[in-house]
Amino acid sequence: MKFFNCIIFLFMCSHLLTAQVSINALDANGKKEGLWKGIYPESKRPRYEGTFSHGKEVGLFKFFDDTKAGTLIATREFNNEDNVAYTTFYDQSKSKVSEGKVLNRLFEGEWKYYHQGSTVIMTIENYVKGKLEGLRSVYYPNGKIAEEQFYKNNLKNGLYKKYAGNGIVLEESNYKNNQYDGLAVFKDPDDSVVSKGEFINGRKAGVWQFYKKGKLVKEVNMNNPEAVSKANRNKL
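Since the model is a prediction, treat every value here as computed from it, not as a measurement. (Residues numbered from 1 in each chain as written. Predicted model: local features only at pLDDT ≥ 70, side-chain atom pairs only at ≥ 80, totals over all residues. Heavy atoms only, no water.)

Before going further, it helps to examine the overall build of the protein. Looking only at helices and strands, one finds two helices and 19 strands in the protein. Within the span of the protein, comprising 236 residues, buried residues form 26% of the whole. For the protein, restricting intrachain contacts to residue pairs at least 6 apart in sequence, the fraction spanning at least 24 positions comes to 5%. (Helix = DSSP H or I, 4+ residues; strand = E, 2+ residues; numbered from the N terminus. Buried < 20%, exposed > 50% of the residue type's maximum accessible area, 1.4 Å probe, protein only. Contact = heavy atoms within 4.5 Å.)

Here it is as structure tokens:
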């Protein structure tokens, strides 16, 4: 009988302790404290859940879509040491869409994006304070490289390469402040040059050469495109 009474007592204590766990509480300074569960204003469905310590997010936060299913669409794992939140986004099928670090609500460092419904990486980007910086790489579904582009302060700056599925470089060009600038070479999937020439401030400039099956067939001075070059007249 005493044993039975002890079990009842422990059960009641456990129930009382559970009931005392508060949600969406504030500390003495009015800052969020402990477990919080947010809701969508109109539907009242769960929007997020996570833990705060004196107004600061700690540990794992989960975010849900505004549907009856309440599908998990993102997670954020907060690091108390550097204030970085490792963030992962998911689609409605629970497949990973992208992942990377967020610092002060801005993308930071390397971010990975995945092909739809796949674990194969589609794009790798690098950020500094929410702006693209350095190399951005795009990949085909088979994992082979498709594009490489350098960025500076969120603008295309430097070398750009576009690849065919067989690895041939279809385009090799340069950018300055988001515009073509400098020498550009365009090829077909057989690795034969199609055209090449110079860009200045996003416009073709000087003499451009055009090829067919690897042979030069036309030259055009883009500063005066209506004039036929001497080389072209000799071919007519």
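The subject of this paragraph is the packing of aromatic side chains. Think of a pair of aromatic rings as described by two things: how far the centres are apart, and how the planes are tilted against each other in angle. Evaluated as defined, the whole model comprises 15 aromatic pairs. Between Trp-111 and Tyr-113, the aromatic rings sit 6.3 Å apart at their centres with planes inclined by 35°, giving tilted as the arrangement. Given a relative accessible area of 18%, Tyr-113 falls into the buried group. An aromatic cluster of at least three residues, connected via ring pairs, comprises Tyr-160, Tyr-175, Tyr-180, Phe-186, Phe-199, Trp-208 and Phe-210. Between the NZ or CZ atom of Lys-204 and the centre of the ring of Trp-208, over which it lies, the distance is 4.6 Å. The ring of Phe-210 carries the charged tip of Lys-218 above its face, separated from the ring centre by 5.3 Å. (Phe/Tyr/Trp six-rings, centres within 6.5 Å; stacked < 30°, edge-to-face > 60°. Lys NZ or Arg CZ within 6 Å of the ring centre and 35° of its normal.)

Relative to the helices and strands, His-115 is located in the loop between strand E8 (106-114) and strand E9 (121-128). Here the side chain of His-115 touches Tyr-139 through a polar contact of 2.9 Å, landing on its backbone oxygen. Not counting chain neighbours up to four residues away, the residues in contact with His-115 comprise Val-120, Ile-121, Met-122, Tyr-139, Tyr-140 and Pro-141. (Polar contact = N/O pair within 3.5 Å; in protein donor to acceptor, adjacent residues only side chain to side chain.)

Before going further, it helps to spend a moment on unusual backbone geometry. Peptide bonds are mostly trans, and most non-glycine residues show a negative phi. You will see that Lys-44, though not glycine, has its phi angle at about 65°, which is positive. Take Lys-44: it is sitting in the loop between strand E2 (32-39) and strand E3 (46-53). What makes Lys-44 exposed here is its relative accessible area of 55%. Positive phi, close to 55°, is recorded for Asn-104, a residue that is not glycine. Residue position: Asn-104 is located in the loop between strand E7 (96-103) and E8. Note on Asn-104: relative accessible area 61%, which makes it exposed.

Before going further, it helps to spend a moment on the pattern of salt bridges. Following the criterion strictly, the structure yields four salt bridges and no others. A salt bridge links Glu-99 to Lys-96, with the shortest nitrogen-to-oxygen separation between them at 3.5 Å. (Salt bridge = Lys/Arg side-chain N within 4 Å of Asp/Glu carboxyl O.)

This part covers the pairing of strand E13 (residues 155-163). Consecutive side chains along a regular strand alternate between the two faces of the sheet. Here five bridges tie strand E12 (residues 145-152) to E13, and the two strands are oriented antiparallel to one another. Each residue of the ladder has a partner; that of Gln-149, found in E13, is Tyr-160. The hairpin turn running from E12 into E13, its antiparallel successor, is two residues long, and Asn-153 in that turn takes a positive phi close to 55°. Two elements, E13 and strand E14 (residues 169-176), share six bridges in a ladder whose sense is antiparallel. Within E14, the residue paired with Lys-162 across the bridge is Glu-171. Counted along the chain from E13 to the antiparallel partner E14, the turn is five residues long, and its residue Gly-167 has a positive phi close to 95°. (Pairing = 2+ DSSP bridges.)

This part covers the environment of Arg-76. As for its position among the elements, Arg-76 is in strand E5 (residues 72-78). Since its relative accessible area comes to 23%, Arg-76 is described here as partly exposed. Sequence-wise, Arg-76 and Val-102 are 26 residues apart; in three dimensions their C-alpha atoms are separated by 8.8 Å. When sequence neighbours within four positions are dropped, the list of residues in contact with Arg-76 reads Gly-59, Leu-60, Phe-61, Phe-63, Ala-85, Tyr-86, Thr-87, Val-102 and Arg-105. Among the polar contacts made by the side chain of Arg-76, one reaches the side chain of Thr-87 at a distance of 3.3 Å.

This paragraph deals with the confidence of the model for the protein. Taken over all residues, the pLDDT of the protein has a mean of 90, while the share at 70 or more is 86%. For residues 1-19, every residue scores under 50 in pLDDT, and the model assigns this stretch zero contacts once sequence neighbours within four places are set aside. (pLDDT = per-residue confidence, 0-100.)

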